[in-house]
Every structure is written in C-alpha cells, then in structure tokens.
Amino acid sequence: MSPTQLEMRSGESADLILRGATVLDPVAGIDGEHDVVIRDGKIAELATPGAAPDDGLETIDASGLHAFPAFFDPHVHLRTPGQEHKEDIATGSRSAAAGGYCGVLAMANTEPPVSTPADVEALCADARNAASVRVGFLATVTRGMAGEELTEMASLRDAGAAGFSDDGLPIRSARMLRRALQYQRLCGGTIALHEEDPELSGAGVMHEGPVSALLGLEGIPSISESTMIARDAALAGYEGGRIHVQHLSAAESVEAVRAAKAAGVQISCEASPHHLCLTDEEVRSLDPRRFKMNPPLRTEADRQALIEGLRDGTIDCVATDHAPHAAEEKEVPFEQAAMGVTGLETAFASLYTELVVPGALDLSLLIERMAGGAEPFEIERSSLAPGSEANIALCDLSVEWTVGEDGYESRSLNSWCAGQKLTGRVQMTLAAGQIAYRLRSFSIGVAA
Amino acid sequence: MKHLLSIEQLSKAEIEAILDRAESFAEVGRRDIKKVPTLRGRTVVTLFYESSTRTSSSFELAAKRLSADLVSVKAAGSSVDKGESLKDTVATLSAYEPAAIVLRHPHAGAAQLVAEWADAAVINAGDGKHEHPSQALLDVYTLRRRFGSLEGKRIWIVGDVLHSRVARSNLIAFKAMGAELTVCGPPALIPRGLEQLGCEVTHSLDRVGEADVVYALRLQRERMQESFVPSIREYAAHFQIDSRRLGARQLLMHPGPVNRGIELSGEVIDSPQSLIAEQVASGLVVRMAILYELLAAGETEPAPAAGNGATHATPIGQPA
C-alpha cells in the first residue's frame, strides 16, 4: 500500500531563529521559552532564550509569541477543478498558511468530482506548482458521487489519492459503503464520511428545533446525522474498515462515535470551529453568508457535547470544512443560498477566543486537536521536537483583530466570523521547512 | 418604523399604533370619495413572486386610496423568468425611486434582504413559511373590533402550522396582544419545538369548546402525497371545523383561500360566526395604515397615542 501523498510548491528551506518564543507542543512534551533554531528547514535546536548564536541566520524577535506545531486540516474545499471562481489551490493553500496550517486535505466534490486517476494526478501537479502548504487530494468513493458504482480505489490510491470521500453527500446505500470498506483492505486510504440520512434531512436548511419553528425554515434533525454514524460504524466494525466521520454537529453523534470507539471500531472524527463556537440561535438573523452550512449549527447542548468530545478525545481533531462560495451564491434568501462557510484563516483565533480565553478548553488541548487531523489519514503529525521538519505556527495570543478588515487570503468572503473581533493571530507559518506565510504587518526586523 | 419585515420586530405599542390608524381609515372608506392625497407623488412598487389575490389586491387598492403611483410587478412574465436575481430586480425597480416596496417571496428572509439593498421602505407581504405580518395585523384588527381587547382571549390555531407563515405571525401577534394560544393539528404538521414559542400544543379538537376564537389554516392537497397526513378524508375527520365542533358563541377565522369541505365545512364558512369576509375588509384599511405609518407618519403630524383604540381623531386629509 502506498503512503499518503501530499504535494506542495518546492521552495527555499528556511534558516532562521525564533528568539525567545514560548514553545508549546503537548504531544512532544515541550512547554517553555526557547530560541527555536531552524536550519535547512529543520528544527535544529531548542536553545535557552538568548543563547543561540546568530550565525548569520535571520533572527525574529519572538518574545511574547507562541510557537505551536503547525495545524493540519483534514477537510477543506479548494474548489478545483471547475469552481475556481470560489477558490483554487493557490488561494486556498495561502488561506491555510495564514491560519497556521502546514497541510490540508481537499475534498473531491468538485466539477467534475475527483473520480479518476488522471484527475488526482492533475491536481497533484497543480499543487506542486501552486500550493503554499502541503495538500492532499481525496478521491470520491463512488463514481461522480452518484452513489452507484465504486471508483477504482486502488488506481486512485496509486495516483496519489490521500483517502476517499463523497463529502457533500452521504453514501446513501449501506451496500455501497460495505463494498468500499471491503476494497479498502486492498488499497488502504481512510474513508471520510459526510453523515446524513437524506430521507430525514429532506430539504432542510437549518437545525430542527424551536428556532426553525419560529423562522418557518425546514429543519434537519440531529438524528439525521447520528443514525447514519451508527449505521456506518457498524459496517466499519463488521468489515474491519477504517472510517473518519466528518464535521460532527450533534450531541447524539458524539455519543454514537464514543460508543463505536468503545466497541473497538477504527473510527475517528472531527468537529469544526463554527459548530464549536455557534448555535442555531445565530440563524435568527437569516444571514446565510455566515450561518448557513451543512451540517447546520445546532443547540447549546450540542455545542457543549462537542466541546466535551474534544476534551475527552472522542473528537480527534478540529477541521474547518472551509467552504468558499462566491458573493452572489450567498446574496439570496436563506433557503436558496449555498451551504458552507470559510474557516481556515480564523480557526485558531476563533477557538482561542471562544473556548480557551473563557476557560472552556486548555490551550494545550486545542493545539493538540488543531494538529490532530493528520493521523486519521496516516499522515505524520507536525512536531516541534529537535530534528523535526519545521512546521510551525507562530502566534501572538495578545493581539486583537477584526476578521476581514484586511481582506482574506481566500478568494471568497463567506467567513462565519466576518466582522468579529478575535483575540490571537497567526503571525507566521512554516510549512514543510519553508516560510509559507508572514502577516503583512508582522515585522521581519532582525532582532538586536 | 422604517420597514415592516416581521411581527416579531414590533412592540405591542407599535401594533396598536397601526391598528388605531386603520380605524381612522375605516372612516375614509365610508365617504363617497374613498381617496385621500397623503401619498400623492410617491411611488409604491408591489413585487410578487407568488400568486396572491387578497394580499396583492388590497395592497394595490390601499396604495391607490392614498393617491400613490403604483407599479405592480408579478414574477411570472417579468425578467425574473429570465433568471434575474432578486438583488438585480430590486436594483432595477429602485431606479424609479419608490417610497415603498411590497414584497411577496417564496423564501424566508427575502424582505429583510431587500431592506438591506433598497432605500425604500420594505413591507413583507409574506416570505416563505416565515412571516406574513400584514395578515396578522389585519386579524388582530378584526378581533379588536369585536372584543375591544384580546387580553385573556383564548385563540386556537388549527391545521397545517408547519407550512403556514400566517400561523407564525398570528401566534406572535395574538400573544403580544395578551391572548392565550393553543395550536392544534396532526403531529407531522406542527413544527418541533413550537411550544417553546409560548403556546400550548395539542393534537385533538376535544377541548376546542374552550376557545373564544378558532383560527383555521388551509390544508394543501399535496400534504397527503408527502405523508404529512394519510388522507384528506382522515384529516377532515379529525381536524375539520364544522357546525358540530364550532359552538354558537365561538368566532371563526381563516386567512383564505378556503378549501371548502377540508379544513372548514361549508356551513361554518357561511355562518354568522365567520369573520372571513370581515378579515378581507380589514385587510384594506390595515394595509392603508401600514403604508401610512411607514411613509407619512411623523411627516405631517404625530402618530396617534398608543392604545387609544376608538376615539382618536387624527385628520387624514381631505378627500382628494
């Protein structure tokens, strides 16, 4: 079986010193102030603050800043091919770099969907030209996401598919998912699942509950998600397959994953910043640009269950489901608007502001989960241990900023926290040993 | 008040101000010349993306009685058919510098969006299954004329609440005016969580005798195909308001159009307890009052005192 393939633009390996940074890597057991010495794209040394000699390296005054292992997002939409008016590999990966990410996995629900080895090869070649951070491309489980025939999963894997997903749509047929799980034994590749029973979701556009009752909008019940998770966990358990559940939104879903994990199923899952920060109360504004997505924003009890799942490890990682849309696709009444919000540039800051600052989540746990999206896809997690490739998110936790005031790296404007004041911002990102991003206002000045 | 987008946004005092204004327009309707010059030289656009008889005709007549210039646009046969977006249509119509845009649209929140885009006052004449505020105002007006006050009155809303913007707006409006609300219908047609809006939910008409007012909703025949109810016959057996269920002292309302023999039996529609025709008449004066409140109030004279239902004598202007 091939290892999971990620691609990015090759560039100059970084040589620099982050002087006096507060270095936090809970997985590697690092928590303290250090001079982070980066040579030839690798973390050469974590030196006592002020102790590392300049050696002609660029030196960045990182005192008061935090260095975290760069984040990994297993769920983004780069809209290539076919919807480049929303996003492409260059803008989407730049958006990721601006959010402190060193890698992302792009979903396959493009136009056309990524269903053939040639599609995957073309995307990998694009990423080698254009991507600021490592990008992996998932291929669809079923041809054209039609739910009727399996794709050539083994050939797709050989061509570089980082995994499989029909994201955007559930795999309606249990038989079809079963066949994919059987075939997975041959070719590997985690199957990522958008869990939703279309029969229960109907034409729903928001969470079903008192707010949808008030607004007269068709609801998507929580059980639409949790019943499918239970079904698919049972299938994965039966076939010994490996599944990853995307964008959990409901308390019942957290419970379903918890039960599956306890039963020994190879299952992992993710939650998005917007589901961790917002509830369906926001939909009262009827603003689809910020608050319409699938799965929908749910209740405060659901949000608390997601936070608890993140704490106890039921939820393995944060994933943004970064879903760019053109302005005209969102400047329509709520029911007609496209589903999805962008999130790469604000994921860390929003969760830091909404969960860490109020004390609902430890910073170290957030950092662990922000980088936790790699492992479910058999990708090595970023580390700040000496000897590791430099994948670093350098953040200022004291700065306040207003989302969107300087525009976005993404091509689209549908950020769920547009206009919000957030605390904490990524100043610089190193990805695969290269400098992937520098905040424009962040002084690159050489420390004295 | 710049726009009328929902009942939810209105206070009790604002509702009463509109109703008081409507009372004075009722007087205009009794004159030989039923027209006043209030909105002379100003333009009202009605933009209807759904078919409508009552709402569109009463808004149009209301605008004419106030001497406004009227432009009526129906989506069918307009550039909407050619794929023009709501935003672009509104931009086009805004070139006429209308004072008000009256919008009926099949989707929730459409009026709110138009209010963001246009300089005109926007009146929501029904947005999807969300709200229909002018209907709720005319219904409160109709009941207020009967009862003086809705305080403590028991109102039952019966039928397909799930698909009804009228039910939502009326529930909020009746509650704001102090009535006690019960909602009754088949379980699949009552939205989950509705009781949290402050009404009682029941699936049986057994206790409907308690009601002072029974407000029946339209049941569309398509609901049967979607299995919300197994059959129209079974729906009628359980939820039709007929002379057996409607007591002599109870009042009956319906927003129209009625499905005779489904949600209402023929004899109750034509009974003296039925306020259905009165609702339509109220629609005209209440819509005149809405246009007046949004476009003219505060310009020429102070709004009538809130809560002073019967005796104010605000001059409406001389016959045109």
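Note that the coordinates shown come from a computational prediction; the quantities given were computed from them, not determined experimentally.

(A) Just the overall build of chain B, in detail. When you go through chain B residue by residue, the secondary structure sums to 10 helices and nine strands. Here the C-alpha atoms of chain B give a radius of gyration of 20 Å, agreeing with the 20 Å that 2.2 N^0.38 yields for 320 residues. Summarising its shape, the C-alpha atoms of chain B cover approximately 55 × 50 × 35 Å along the three principal directions. Among the 320 residues that make up chain B, the fraction classed as buried is 48%. Of the contacts made within chain B by residues no fewer than 6 positions apart, 73% connect residues no fewer than 24 positions apart.

(B) Layout of the pairing of strand E16 (residues 392-402) of chain A. Residue and element names in this part refer to chain A. As paired elements, strand E5 (residues 66-69) and E16 share four bridges and run antiparallel to each other. Paired with Pro69 across the strands is Ile392, a residue of E16. Here eight bridges tie E16 to strand E17 (residues 421-431), and the two strands are oriented antiparallel to one another. By the bridge assignment for E17, Ile392 is matched with Leu430.

(C) Spatial organisation of the sheet that holds strand E6 (residues 180-184) of chain B. All names here are of chain B. Reading across the sheet, the five strands line up as E7-E6-E5-E8-E9 and stay open at both edges, with parallel pairing between neighbours. Each edge of the open sheet is held by one strand with a lone partner, namely strand E7 (200-202) and strand E9 (251-253). When the angles between neighbouring strand axes are averaged without regard to direction, this sheet yields 20 degrees. Direction of pairing for strand E5 (residues 154-158) relative to strand E8 (residues 213-216): parallel, over a ladder of four bridges. Looking at the pairing, Ile157 lines up with Tyr215 of E8.

(D) Looking closely at the sheet that holds strand E8 (residues 134-139) of chain A. Residue and element names in this part refer to chain A. Pairing is parallel across the open sheet formed by eight strands, whose spatial order is E6-E7-E8-E9-E10-E13-E14-E15. Each of the sheet's edge strands pairs with one partner strand only, and the pair in question is strand E6 (71-76) and strand E15 (317-318). Bridge analysis of E8 against strand E9 (residues 161-165) gives three bridges, and the strand direction is parallel. Note that in E9 the partner of Ala139 across the bridge is Phe164.

(E) A look at unusual backbone geometry. All names here are of chain A. Note that the residue after Glu111, namely Pro112, is joined by a cis bond; omega there is 0 degrees. In the segment running from Asn294 into Pro295, the intervening peptide bond is cis, with an omega of 0 degrees. Note on placement: Pro295 falls in the loop between helix H10 (288-291) and helix H11 (300-312). The phi dihedral of Asp40 is positive, around 50 degrees, even though this residue is not glycine. By the secondary structure assignment, Asp40 is in the loop between strand E2 (30-39) and strand E3 (42-47). Its identity as a non-glycine residue notwithstanding, Asp321 has a phi of 50 degrees, on the positive side. Along the polypeptide, Asp321 turns up in the loop between E15 and helix H12 (327-330).

(F) Examining the interface of chain A and chain B more closely. Listed per partner, the contact involves 18 residues of chain A and 21 residues of chain B. The greatest single-element share of the side of chain A that touches chain B, amounting to five residues, is contributed by helix H6 (residues 210-215) of chain A. Its residues placed into classes, the side of chain A that touches chain B shows nine nonpolar, five polar and four charged.

(G) Representation of the environment of Asn170 of chain B in the model. All names here are of chain B. Following the sequence through the fold, Asn170 ends up in helix H6 (residues 165-176). Residue classification places Asn170 among the buried residues on the basis of 28 C-beta atoms within 10 Å. Not counting residues within four places of it along the chain, the set of residues in contact with Asn170 comprises Ala136, Asp139, Ile157 and Tyr215.

Conventions and cut-offs
- Residues numbered from 1 in each chain as written.
- Chains lettered and ligands numbered in written order.
- Predicted model: local features only at pLDDT ≥ 70, side-chain atom pairs only at ≥ 80, totals over all residues.
- Helix = DSSP H or I, 4+ residues; strand = E, 2+ residues; numbered from the N terminus.
- Rg over C-alpha atoms; globule rule 2.2 N^0.38 Å.
- Buried ≥ 20, exposed ≤ 12 C-beta atoms within 10 Å, placed from the backbone.
- Contact = placed C-beta atoms within 7 Å.
- Pairing = 2+ DSSP bridges.
- Axes fitted to C-alpha atoms, helices over the stretch in contact; angles between N-to-C directions.
- Nonpolar A, V, L, I, M, F, W, Y, C, P; charged D, E, K, R; others polar.

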